[in-house]
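Structural description and commentary
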Amino acid sequence: MSKELAAALETLEKEKGISKEIVIDALEAALISAYKRNYGTSQNVEVVFNEKKGTVTVYQVKEVVEDVYDSQLEVSIEDARERNKAYELGDKIKFVVTPKNFGRIAAQTAKQVIMQRLREAERTIIYNEYIEYEDDLMTGTVERQDNKFIYINLGKVEAVLSKRDQIENETYQTHDRIKVYVSKVENSTKGPQVFVSRTHPNLIKRLFEQEVPEIYDGIVEIVSIAREAGDRSKIAVFSRDENVDPVGTCVGPRGSRVQAIVNELNGENMDIVEWDKNPSLYIKNALNPAQVVDVQFDDNQHSCVIVVPDYQLSLAIGKRGQNVRLAAKLTGFKIDIKSESDMASLKQETVILKDESFFEALKEDDSDATNDLESISEETLAFEEDDSTEVSEYEVENVSDDTDSTMLTEDSNQTGEEAPMETDFEAGELDSNDAEDLVEFAEKRDDMAEEEISKTSMEEIEEKTFPDDEEKL
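Note on numbering: residues in each chain are counted from 1, in written sequence order. Whole-chain, interface and lining totals are the exception, using all residues; otherwise, since this is a predicted model, local features are given only for residues with pLDDT of at least 70 and side-chain atom pairs are given and counted only at 80 or more. Only hydrogens and water are set aside when side-chain values are computed; all heavy atoms of the structure are taken into account.

**Quick word on the packing of aromatic side chains**
- For Phe, Tyr and Trp, rings pair up if their centres lie within 6.5 Å, where Trp contributes its six-membered ring, and each pair is then called stacked (planes under 30 degrees apart), edge-to-face (over 60) or tilted (otherwise). Enumeration over the complete set of coordinates arrives at five aromatic pairs.
- Relative to Tyr282, the ring of Trp275 lies with its centre 6.4 Å away and its plane at 65°, an arrangement referred to as edge-to-face.
- Relative accessibility thresholds used throughout: buried, under 20% of the residue-type maximum; exposed, over 50%; partly exposed, between the two (1.4 Å probe, protein chains only). For Trp275, a relative accessible area of 26% corresponds to the partly exposed category.
- By relative accessible area, Tyr282 is classed as buried at 7%.
- Here the aromatic residues Phe238, Trp275 and Tyr282 are joined through ring pairs into a cluster of three or more.
- The rule is short: NZ of Lys or CZ of Arg within 6 Å of the ring centre and within 35 degrees of the ring normal puts a charge over the ring. Lying across the ring of Tyr151, Arg144 places its NZ or CZ 3.9 Å from the centre.

Right, here's the structure in full:
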């Protein structure tokens, strides 16, 4: 060992950023292990490296005792005081035990330790540098690819782009420069591992921060992003300044800002909508370009039913349901879309189902339905009581006092057919002479009834043909 080692440590510290003290500590620990491997013990051995001279000295540490049981660990008080009279029991004395050929062992060990520490330090430096780029955007160059990954050169490290993080319709060629989102940085045994993505929603957020200064400054905020990478994305934005239009700011003059992002993502469509604290308005904006007639919420399930015009139904749903799917991701609500005609039919079916359930409840003696039926019955009875006087007067005027006719009417109402009259002769209460007299009386009565009917008819005709004198005047 020489001064050249000390100079090498200083150069290493300057160029690689590895602290000299860290290397020296590692070197001393490695020399202790080497001494044990070559000389059988290291439990009471210390190694001291002299930075100025570049030399290494090995010391064996022994404790001062009265009676020595292990000469490797202990020294008697007499021997200790021969070296220095100031030693007392319990003191530690260092004895130089540096072997003659230990310089060669130290040199080999120093080389191994320095190389190991150099690798570890480089890994730590790279990790500390790229951990700051986690959740951020970087530009890299495509170097190579295999069946699992595409390897992107980010400068000091080679990042990996897995298949699930690649946009489906994109093709990557060697030496292509692409922008990637650093999703994760790990410090593994093989060194720092950097994982990047082209499908992460935050990639769009970082791209907008680069293109739109208002977003980078915090005037306009991206509240939520829903993305189907390579096809379509929805972005909800909000402005902290009332004088700044968030959607127009993101679109840019003639769409220049958003077009730059679309070009970077190879034609991925961008829908920029305005966020609103009112969920109903927010959902309406999220379903753009479709027009929404009504929004009905179900708070228990955090869902809603959207009513749109019939001709807008397919537009609201989107191709393969993409528009409503992205709107649901963007707002966080479970969305069900109905046309106006479907909603009207649904309401009608609901009314019918309620009526059916009402009558089913009556069959099952449901108390609520029974109460409704009793209220309806009370209203009906009250109506009948109001009309009872008129009905009674009608019955008095039109019902005769003839007992037989009353009996006939009751029999007819009960059976639905006219009941045959039973004569006294058939009952066995009249003789033949009395029966003949009754027959003659009945014939005369019939003749008189026909005359009365014809007379009544003539009077009605005269009244219709010749009205009263007052009417003529």
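**Quick look at helix H9 (residues 279–286)**
- Secondary structure elements are defined from DSSP: runs of H or I of at least 4 residues count as helices, runs of E of at least 2 residues count as strands, and each element is numbered from the N terminus. The complete set of buried residues in H9 reads Ser280, Tyr282, Ile283 and Ala286. Down the axis of H9, the buried side of the element spans an arc of 165°, and every buried residue falls inside it.
- Under the rule applied, a polar contact is a pair of N or O atoms within 3.5 Å (in protein, one hydrogen donor and one hydrogen acceptor; residues adjacent in sequence only if both atoms are side-chain atoms). Between the side-chain oxygen of the N-cap and the backbone nitrogen of Ser280 there are 3.1 Å, and the N-cap of H9 in question is Asn278. Think of the arc as the fan of directions from the helix axis to the C-beta atoms.

**What about the sheet that holds strand E13 (residues 294–298)?**
- Here a strand pair is declared whenever DSSP counts at least two bridges between the two strands. Pairing is mixed across the open sheet formed by three strands, whose spatial order is E13-E14-E15. Edge positions in the sheet fall to E13 and strand E15 (334–339), since each of these pairs with one other strand and no more. Sheet twist, expressed as the mean angle between neighbouring strand axes with direction ignored, is 20°.
- With five bridges joining them, E13 and strand E14 (residues 303–308) adopt antiparallel strand pairing. Bridged to Asp294 within E14 is Val307.
- Contacts are assigned to residue pairs with any non-hydrogen atoms lying within 4.5 Å of each other. With axes taken as lines fitted to C-alpha atoms, and helix axes fitted only over the stretch in contact, angles between N-to-C directions fall between 0 and 180 degrees. Docked against the sheet, H9 engages E13, E14 and E15, running at close to 120° with respect to E13.

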